[in-house]
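Report on the structure
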Amino acid sequence: MTVETAKASLAALQAKQAAYGHALALINYDGSTTAPKGTAANRAQTMSILSAENYRLATGEETVELLEFLDANRSELSDKEVRSVELLLKGIRQLKKIPMDQYIQLQKLLVESDHAWHVAKENNDWDSYRPYLEKVFDFHKRIAAWVEPEKDPYDYWLNEFEEGLTKERCDEFFATLRSRIVPLLDAVMAAPAHNRDMLTGHFPADKQEELAYWLMKTIGLDLEHVGLATTEHPFTTSLGSHFDERITTRYDESDLGFSLFAVIHEGGHALYDTGSADDLAYTALDGGVSMGVHESQSRFYENILGRSKAFCSILLPKLQELFPQQMEGYTVEDLYRAVNCVRPSLIRIQADELSYALHIMIRYEMEKRYFAGELAVADFPATWNALYKEYLGIDVPSDSEGVLQDSHWSFGAIGYFPSYALGSAYGAQFLRKMGESVDVAGCIAKGDFGPINSWNKEHIWSHGCLLKPTELFEKATEEKFDPNIFCDYLEAKFSELYNL
């Protein structure tokens, strides 16, 4: 084998893996959007077979020999090829430590678990879902023990979603947020209250769909490559490459804010993925480098841009066009206050920007306790309810509005939640750096997201997975990560909004 033939084989291997990923992602996407309710077993059967083939491809002797040969000759590879080999070898070494029959069994379980979650949430039926979730959490504990037995199992999973993240780092991060956000939240709650009445009432789904497409085009999504569908819990997924991105939303006809901000949030994810350099397509480098960086983009567009006064100035005329009666008499200032109304709430994805991190802390605390052997899945509802009372002062009326509200655990995203809070903090630091060369508010007020997107594409999106998360962040901001910058941003914004 020569280096040149090995490079060609590497390209062919990654293209084939992308094709398997495309098929598996499409099946998952269908299951969460348009598939009939009774088809989960059919998907699980197909997923188990495709997952077995993907496992054999990824861990086969020929693949291992190819990657080890290239790794030994890395001096003759480009930076992109070196990074691809590094990521593929890491994945193989992890995967080979998981017994193949267990890997296949897990893929089937995750399809069944996700279906069980949809049914349980709809019926407020924790008991029907609990056995599936117990198996999912148990699987994740065993996987951590198989792959890195010397490592704390929760540290293993945190690192899978954000390279370098540990419980120690999370504890320090959340301690900083708690020390500054909780006093600010107390001060806001003691101030004269704002309301979000203009976002509640009756908003027909067809008009909300018109708004969704307007939002997508306004923030700069290419609708030739980004599709929109509805689902119970909004998400974004890439199908095969960054050339085919799908976002989802859910229309609540009694609350305009839900879909409005879901579309902008998921649109931020889609901008990141579709912004990958085209020459990274069908390689291990295509798409976002970590979930913390990914959530920095979704939270940046949703909150920092989407809840800004400048965006309200272009959003209100569109709302008045689509919902003339509901929006009659309201001003831009009214809308700005409504979309930034601070009110501790039950539902994470409907939480205001200030109290949102407390929702993440609750989920982090539960995951941490589980892996420490201090909490059983059977005790999740009671613990969830107690923490919501402690952290947010809220009584949880039902499991559907409590422990069943998020889909993440059902499809195995255990260790993911801290990425949301990290992403919010990353976004504030990106904003500060971007503001040195881009008039962010001025661009938004003109409805021109071009300069904002160009900065993000140059400094974040186009790199895909070429750089490690910390390298990408520090190269973009030219400084170390500092959560106090996020706290400064929140204090400035909400002190002005509530006259503190």
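Shown above is the structure to which this text applies.
Below is a summary of the structure that appears in this document.

Procedures and definitions
Residues numbered from 1 in each chain as written. Predicted model: local features only at pLDDT ≥ 70, side-chain atom pairs only at ≥ 80, totals over all residues. Heavy atoms only, no water. 1 Å grid on protein atoms, 1.4 Å probe; cavity = no way out; pocket = protein on both sides within 12 Å on 5 of 7 lines; lining within 4 Å. Points joined across faces, edges and corners; volume = space filled by probe spheres on them. Nonpolar A, V, L, I, M, F, W, Y, C, P; charged D, E, K, R; others polar. Helix = DSSP H or I, 4+ residues; strand = E, 2+ residues; numbered from the N terminus. Buried < 20%, exposed > 50% of the residue type's maximum accessible area, 1.4 Å probe, protein only. Patch = residues over 30% accessible without salt bridge, like charges linked within 9 Å, V, L, I, M, F, W, Y side chains within 5 Å. Areas by Shrake-Rupley, 256 points an atom, 1.4 Å probe, with all protein chains shown as cover. Salt bridge = Lys/Arg side-chain N within 4 Å of Asp/Glu carboxyl O. Lys, Arg positive; Asp, Glu negative; His and termini not counted. Charge placed at Lys NZ, Arg CZ, Asp CG, Glu CD. Core = buried A, V, L, I, M, F, W, Y, C linked by side-chain atoms within 4.5 Å. Contact = heavy atoms within 4.5 Å. Pairing = 2+ DSSP bridges. Phe/Tyr/Trp six-rings, centres within 6.5 Å; stacked < 30°, edge-to-face > 60°. Lys NZ or Arg CZ within 6 Å of the ring centre and 35° of its normal. Axes fitted to C-alpha atoms, helices over the stretch in contact; angles between N-to-C directions. Parallel < 35°, antiparallel > 145°, perpendicular 65-115°, else oblique. Left-handed = near helix turned anticlockwise from the far one by under 90°.

**Description of empty space enclosed by the protein**
What the rule picks out here adds up to two cavities of 30 Å³ or more. Its boundaries defined by the atoms lining it, the largest cavity holds a volume of some 50 Å³. Lining the largest cavity are R299, F300, N303, I304, E353, S424, F486 and Y489. Its residues placed into classes, the lining of the largest cavity shows four nonpolar, two polar and two charged. Estimates place the volume of the second largest cavity at around 30 Å³. In terms of lining residues, the second largest cavity is bounded by L177, R299, E353, Y356, A357, A421, S424 and F486. Of all elements in the fold, only helix 15 (356-371) and helix 17 (418-434) reach the threshold of two or more residues within the lining of the second largest cavity.

**Some words on unusual backbone geometry**
A positive phi angle, close to 50°, is found at N124, a residue other than glycine. Even without being glycine, N499 reaches a positive phi, approximately 50°. Along the chain, N499 falls in the segment after helix 21 (483-497). Residue classification places N499 among the exposed positions, given a relative accessible area of 66%.

**Section: a negative patch on the surface**
A surface patch of negative charge is lined by E61, E62, E65 and E68. Among the structural elements, E68 can be located in helix 3 (residues 61-72).

**Looking at the nonpolar core**
One finds L177, Y301, F380, W409 and I452 to be the most contacted residues of the largest nonpolar core, which totals 142 residues. The greatest single-element share of this core, amounting to ten residues, is contributed by helix 15. When residues no more than four places from it in sequence are discounted, the contact partners of I452 are F300, Y301, L305, M434, V438, V440, C443 and I444. Judged by nonpolar contacts, the second largest core, of 16 residues, contains L10, Y20, L77 and V82.

**Considerations on the pairing of strand 2 (residues 236-239)**
On strand 2, burial follows the alternation: T237 and L239 on one face are buried, whereas T236 and S238 on the facing-out side are not. When strand 2 meets strand 3 (residues 241-249), the two strands line up antiparallel, connected through four bridges. Bridging from a neighbouring strand, T236 pairs with I247 of strand 3. Linking two consecutive strands that pair antiparallel, namely strand 2 and strand 3, is a turn of one residue; a positive phi of about 85° is found at G240 within it.

**Thoughts on the environment of G268**
Mapped onto the fold, G268 is located in helix 10 (residues 256-274). Residue classification places G268 among the buried residues on the basis of a relative accessible area of 0%. Expressed as a C-alpha distance, the spacing of G268 and L221, which sit 47 residues apart in the sequence, is 9.0 Å. Ignoring sequence-local partners within four residues, the contact set of G268 consists of I219, Q297, S298 and Y301.

**Let's talk about the packing of aromatic side chains**
In this structure the tally under the stated criterion is 32 aromatic pairs. Geometrically, the ring pair formed by Y154 and F371 is stacked, given 5.4 Å between the ring centres and 15° between the ring planes. Taken together, the residues span a long stretch of sequence, with Y154 in helix 7 (residues 153-161) and F371 in helix 15 at a distance of 217 residues. Like F371, Y154 is buried. Both rings, one in W409 and one in F417, keep their centres 6.0 Å apart while their planes meet at 90°; by these two values the pair is edge-to-face. Its guanidinium or amino end placed over the ring of F258, R250 lies 4.3 Å from that ring's centre, counting from NZ or CZ. Across the ring face of Y420, the terminal group of R348 is positioned such that the distance to the ring centre comes to 4.5 Å.

**Notes on the layout of surface pockets**
When its volume is computed, the second largest pocket comes out at roughly 330 Å³. Lining the second largest pocket are 16 residues, and of these G31, A35, K37, H118 and E122 lie nearest its centre. Within the residue set of the lining of the second largest pocket, elements represented by two or more residues are helix 1 (3-32) and helix 5 (100-123). Counting residues per element, the lining of the second largest pocket draws most heavily on helix 5, which supplies six residues. Class assignment of the residues belonging to the lining of the second largest pocket gives a composition of three nonpolar, seven polar and six charged.

**What to know about the packing of helix 11 (residues 291-305) against helix 17**
Across the interface, helix 11 lies against helix 17 with an axial gap of 7 Å and an inter-helix angle of 65°. Relative to helix 17, helix 11 is oriented roughly perpendicular. Judged by the twist between their axes, the crossing of helix 11 over helix 17 is right-handed. Counting all contacts with helix 11, which are made through M291, G292, V293, E295, S296, Q297, R299, F300 and I304, the residues of helix 17 involved are S419, Y420, G423, S424, Y426, G427, A428, F430, L431 and M434. When grouped by side-chain class, the residues that make up the contact of helix 11 with helix 17 number ten nonpolar, seven polar and two charged.

**Structural notes on the side chain of R43**
Among the secondary structure elements, R43 is positioned in helix 2 (residues 40-59). It is D30 that comes nearest to the buried, bridge-free R43 among opposite-charge side chains, at 5.1 Å. Residues in contact with R43, not counting those within four places in the same chain, are I27, G31, A35, P36 and V111.

**Digging into the side chain of N54**
Structurally, the position occupied by N54 is in helix 2. Here N54 falls in the buried class, since its relative accessible area comes to 16%.

Without other data, these values stay purely geometric and don't point to any function.
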